[in-house]
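Observations on the model geometry
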Amino acid sequence: MLLRGKKYIFDMILLGLVLAFSGCAHNRVTLGFSPISGKGIGTLPSETVVISTLQDHRFRLYSFEANDMPDIVGWGQATGTLYTPQNIPAHVSRALAEQYKALGMHARYEPGLGCRVKKDIGGHSRLILTGEVPGSGTVLCGSIIDYQFQIDHPMVGFGTEISTYDMAAGATVKAQVTLHLYLADASDGRILWEGIVDEARGMRNAHPPDLNAKGVSLLEKTLARTIVKSAKAFSPSLE
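Residues numbered from 1 in each chain as written. Predicted model: local features only at pLDDT ≥ 70, side-chain atom pairs only at ≥ 80, totals over all residues. Heavy atoms only, no water.

Some thoughts on the packing of aromatic side chains
Using the criterion set out here, one finds 2 aromatic pairs in the structure. With 5.6 Å between their ring centres and 80 degrees between their planes, Tyr100 and Phe234 make a pair best called edge-to-face. Residue Tyr100 is found in helix H2 (residues 88–102), and its partner Phe234 is found in helix H3 (residues 211–234); the two are separated by 134 residues along the sequence. Taken individually, Tyr100 and Phe234 each receive the classification buried, so the pair is uniform in this respect. What links up through ring pairs into an aromatic cluster is the set Tyr100, Trp193 and Phe234. (Phe/Tyr/Trp six-rings, centres within 6.5 Å; stacked < 30°, edge-to-face > 60°. Helix = DSSP H or I, 4+ residues; strand = E, 2+ residues; numbered from the N terminus. Buried < 20%, exposed > 50% of the residue type's maximum accessible area, 1.4 Å probe, protein only.)

Some points on H2
With 15 residues, H2 should reach 21 Å at 1.5 Å per residue; the first-to-last C-alpha distance of 21 Å fits that figure. For H2, the tally of buried residues reaches 11 of 15 residues, placing the bulk of the element in the interior. For H2, every residue scored as buried is listed here: Ile88, Pro89, Ala90, His91, Val92, Ser93, Ala95, Leu96, Ala97, Gln99 and Tyr100. The N-capping residue of H2, defined by a side-chain oxygen 2.9 Å from the backbone nitrogen of Ala90, is Asn87. Gly104 occupies a position one or two residues after H2 and carries a positive phi of about 100 degrees. (Expected span 1.5 Å × (residues − 1). Polar contact = N/O pair within 3.5 Å; in protein donor to acceptor, adjacent residues only side chain to side chain.)

Thoughts on the state of the cysteines
Considering all chains together, one arrives at 1 disulfide under this definition. In this model, Cys115 is linked to Cys141 through a disulfide, with the two sulfur atoms separated by 2.1 Å. In this pair, Cys115 is assigned in strand E6 (residues 113–119) and Cys141 in strand E8 (residues 138–152), connecting sequence segments 26 residues apart. (Disulfide = S-S within 2.5 Å.)

Remarks on the nonpolar core
Ranked by internal contacts, the top residues of the largest apolar core, which has 46 residues, are Ile51, Tyr100, Leu140, Tyr147, Leu179 and Leu223. Put simply, the parts of the chain that give this core at least two residues each are strand E1 (49–51), H2, strand E5 (107–109), E8, strand E11 (171–185), strand E12 (191–206) and H3. The greatest single-element share of this core, amounting to 10 residues, is contributed by H3. Setting aside residues no more than four positions away along its own chain, Tyr147 makes contact with Leu31, Arg58, Val73, Ile88, His91, Val92, Gln176, Val177, Leu219, Glu220 and Leu223. Counting 9 residues, the second-largest nonpolar core is a separate cluster that includes Val50, Leu113, Cys141 and Tyr182. (Core = buried A, V, L, I, M, F, W, Y, C linked by side-chain atoms within 4.5 Å. Contact = heavy atoms within 4.5 Å.)

Considering the pattern of salt bridges
Following the criterion strictly, the structure yields 6 salt bridges and no others. Salt bridges linked by common partners bring Asp185, Asp188 and Arg190 together as one network. (Salt bridge = Lys/Arg side-chain N within 4 Å of Asp/Glu carboxyl O.)

Details of the environment of Gly112
Positionally, Gly112 belongs in the loop between E5 and E6. Since its relative accessible area comes to 32%, Gly112 is described here as partly exposed. Between the C-alpha atoms of Gly112 and Thr130, which are 18 residues apart in sequence, the distance is 8.5 Å. Other than its neighbours up to four places away in sequence, Gly112 contacts Thr130, Gly131 and Glu132.

With respect to the pairing of strand E4 (residues 80–83)
Looking at chain direction, strand E3 (residues 72–76) and E4 are connected through 4 bridges and run antiparallel. Across the sheet, residue Gly76 finds its bridge partner in E4, namely Gly80. Joining the antiparallel neighbours E3 and E4 is a turn of 3 residues, in which Ala78 adopts a positive phi near 65 degrees. (Pairing = 2+ DSSP bridges.)

As structure tokens, then:
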């Protein structure tokens, strides 16, 4: 009986671990960026834009400090928290280079390039570049303020006090991206352009299966549109 009891306990622990890991797997998503076409940008800059790894300032409402939830990318009602094993700042920074090149610009992602903003006595700002600094061209630095998607399932009520989520009904999927970017002269760190670009997209009546994949797809399309906005914003400063 003792051995049989121990085996039962072991089986229950093993089942719990299996369920825990399967739950974790269900809540992990893979990011995958595909550039889109962009119109109306005007004259594209001929200079190469070198992109450093953006800083991760997501989920920090009142301070520009490092994000302490680095692998969270999605959430929602009856969805829970969605994670990714990928490095989000590297993913977004690489997407910047891919989207710029798709627009016809000369761009590359340089993960070994570091930068920070420094203000002088007169209040003017410039970028201090470190690491693999290019000798010429322009450098793009900055931070991720928002990059997430949300999948919300509607609620249904039974009587006046009982309610639950209707998982069979269509879900609402939303995505938000906000980037704070600096474009600077690579030779001296002089800031040529600074701006905050953002985009939000959404869809209703999204049905299973693959709701998480639909959320990721919407997020990446929103990111692409945000990057196109940034190119439109800083291109005039390089003409």
